[in-house]
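# Observations on the three-dimensional arrangement
What follows is the residue order along each chain.
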Amino acid sequence: MKEFQLIEHYFTGQSQHRKDVKLGIGDDCALVKPAENKLLAISTDTLVENVHFLPQMPPQALGYKALAVNLSDLAAMGAEPAWMTLALTMPSADDVWLQGFAAGLFEAADYYMISLVGGDTTRGPKSITITVHGQVPEGKALTRKGAKPGDWIYVTGTLGDSALGLDILQGRQSTSNEHREFLINRHYHPSPRVLAGQSLRGLASSAIDLSDGLNSDIRHVLKASGVGAVIDVEKLPLSPAMRDSVTLETALNYALCGGEDYELLFTVPEAQRGALDTALSHAGVRFTQIGQIQPVNKLKLQFKGEEFVPTQRGFEHFQ
Ligand SMILES: Nc1ncnc2c1ncn2[C@@H]1O[C@H](COP(=O)(O)OP(=O)(O)O)[C@@H](O)[C@H]1O
Ligand SMILES: Cc1ncc(C[n+]2csc(CCOP(=O)(O)OP(=O)(O)O)c2C)c(N)n1
Ligand SMILES: [Mg+2]
Ligand SMILES: [Mg+2]
Ligand SMILES: [Mg+2]
């Protein structure tokens, strides 16, 4: 199949048709109509073979995850997904692979109501870059800046599962079949907390999504907000699969430094604390208070009051 046939065959048949897409795939640009009184939220993330995914990763999971990691950034800002572009580079046009990739991509796109409006297809080492566009009411976006001393720190979901799943895939850890399936699924199918992010508008004083690991990502919030924090690592939410598979110390290191959780970390002032339960009840995700913002610009990790020293900082591309 040639380049243009391939694009038409795999990427123009989506079921997600948004009224605000005035011109989609096929021209030199897409034309979209942003809503009035809303700001555009734009973010891009790349997945590169052997850096972000193993060559044997099922194409359906890869298509899904490539979009999910991008949606996670929209979630962190409280934005609603709207449009995306896809830049796809691959060594050859493998029909089975493309079929699976497109199925996974559109599964996530349909669920989160985001429309593919364009992209680029090239030959080369396998990599996927998605740019997402979302919308957020003016003045309502969540940002990394805004955490104040005394605010409570929360995370959604459970932490560390994805990194343990990757280690299991690579034979560095092992566990029961049931836990193995759960953990690998958490690695392959992260759940971007899109609804939770929108529900936190007007409630959270700051937010970020966790991609490199809490120990690394929370520092972006602290720096942007000009504050410090105490984290009670014994409060970090761990899945039963995590707790059953490794020692508590190893589990806490996965939760702090493993990365690819795609959960939200957010801060909430004391006065808004009571409103959280109701706001997040519709989002269908658990959330756990793990610490508090402090005036001194420093991150303190403690386990039952004693200093906790993690084995690493978090994921970094350039050491
Ligand atoms: N090559 C680049 N050019 C411009 N901005 C970049 C580049 N790489 C990263 N950024 C910006 O730097 C910030 C941090 O990037 P990153 O750590 O990748 O964020 P995230 O973890 O949310 O994906 C983001 O605002 C991102 O848009
Ligand atoms: C083959 C392989 N090695 C290592 C990892 C682990 N890993 C890759 S990227 C990453 C962090 C997140 O990726 P990044 O490109 O930093 O995304 P961003 O922070 O920009 O959202 C982690 C933990 C993996 N998923 N696959
Ligand atoms: Mg990024
Ligand atoms: Mg992010
Ligand atoms: Mg990163």
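Numbers given to residues run from 1 along each chain, matching the order in which its sequence is written. Going through the entries in the order they are written, you letter the chains from A and number the ligands from 1. Whole-chain, interface and lining totals are the exception, using all residues; otherwise, since this is a predicted model, local features are given only for residues with pLDDT of at least 70 and side-chain atom pairs are given and counted only at 80 or more. Side-chain numbers come from the whole structure's heavy atoms, not from hydrogens or water.

Under the annotation held in an unreviewed UniProt entry, the chain carries the name Thiamine-monophosphate kinase and is attributed to Shewanella fodinae. UniProt positions are given in the numbering used here, feature names are shortened, and annotations may be inferred rather than shown by experiment. UniProt lists a comment for the chain under the heading Function (unreviewed entry), and it reads "Catalyzes the ATP-dependent phosphorylation of thiamine-monophosphate (TMP) to form thiamine-pyrophosphate (TPP), the active form of vitamin B1." Quoted verbatim from the Pathway (unreviewed entry) heading of the UniProt record, the comment on the chain is "Cofactor biosynthesis; thiamine diphosphate biosynthesis; thiamine diphosphate from thiamine phosphate: step 1/1."

A separate point is the coordination of the magnesium ion (ligand 4). Within the protein, the atoms that donate to the magnesium ion (ligand 4) are D73 (OD) and D209 (OD), at distances of 2.0 Å. Metal-to-metal, the separation of the magnesium ion (ligand 4) and the magnesium ion (ligand 3) is 5.8 Å. Highlighted residues: D73 in helix α2 (residues 59–76) and D209 in strand β8 (residues 206–209), separated in sequence by 136 residues. Three exposure classes are used, based on accessible area relative to the maximum for each residue type with a 1.4 Å probe and protein chains only: buried under 20%, partly exposed in between, and exposed over 50%. You can call D73 buried: its relative accessible area is 18%. Shown as donors are all N, O and S atoms within 2.8 Å of a metal ion, widened to 3.2 Å for Na, K and Ca; because water is not in the atom set, sites may appear incomplete. Numbered from the N terminus, helices here are DSSP runs of H or I no shorter than four residues, and strands are runs of E no shorter than two.

By the convention used here, strands pair only if DSSP detects at least 2 bridges between them. As defined by bridge partners, strand β9 (residues 228–232) adjoins strand β12 (residues 299–303) across four bridges and the pair is classed as parallel. The residue of β12 that forms the bridge with A229 is L299. Connecting β12 to the antiparallel partner strand β13 (residues 306–307) that follows it, the hairpin turn spans two residues, and K304 within it adopts a positive phi of roughly 50°.

What fixes the domain bounds is an automatic or database domain assignment. The domains assigned to the chain are domain 1 (3–137) and domain 2 (152–307). The gap between the C-alpha centroids of domain 1 and domain 2 is 26 Å. At the junction of the two partners, domain 1 supplies 21 residues and domain 2 supplies 20 residues. When domain 1 packs against domain 2, the two sides together hide about 1,700 Å² of surface, and 62% of this comes from carbon and sulfur. Salt bridges are counted wherever a side-chain nitrogen of Lys or Arg sits within 4 Å of a carboxyl oxygen of Asp or Glu. In this assembly, domain 1 and domain 2 are joined by two salt bridges. Between K65 and E260 there is a salt bridge; the shortest N-O distance is 3.0 Å. Counted as a polar contact is a pair of N or O atoms within 3.5 Å, where, for protein atoms, one must be capable of donating a hydrogen and the other of accepting one, and residues adjacent in sequence contribute only when both atoms are in side chains. Taken together, domain 1 and domain 2 are joined by six residue pairs in polar contact (both at pLDDT 80 or more). Going through the elements one at a time, α2, β4 (80–90) and β6 (127–137) are the ones with two or more residues in the side of domain 1 that touches domain 2. Here the side of domain 1 that touches domain 2 gets 10 residues from one element, more than from any other, and that element is α2. Under the scheme applied here, ten amino acids are nonpolar (Ala, Val, Leu, Ile, Met, Phe, Trp, Tyr, Cys and Pro), four are charged (Asp, Glu, Lys and Arg), and all others, including Gly, are polar. Taken together, the residues of the side of domain 1 that touches domain 2 break down into 15 nonpolar, three polar and three charged. Two residues qualify as a contact provided that any one of their heavy atoms is within 4.5 Å of a heavy atom in the partner residue. The quantity reported as buried area is the accessible area (1.4 Å probe) lost by two parts once they are put together, taken as the sum for both.

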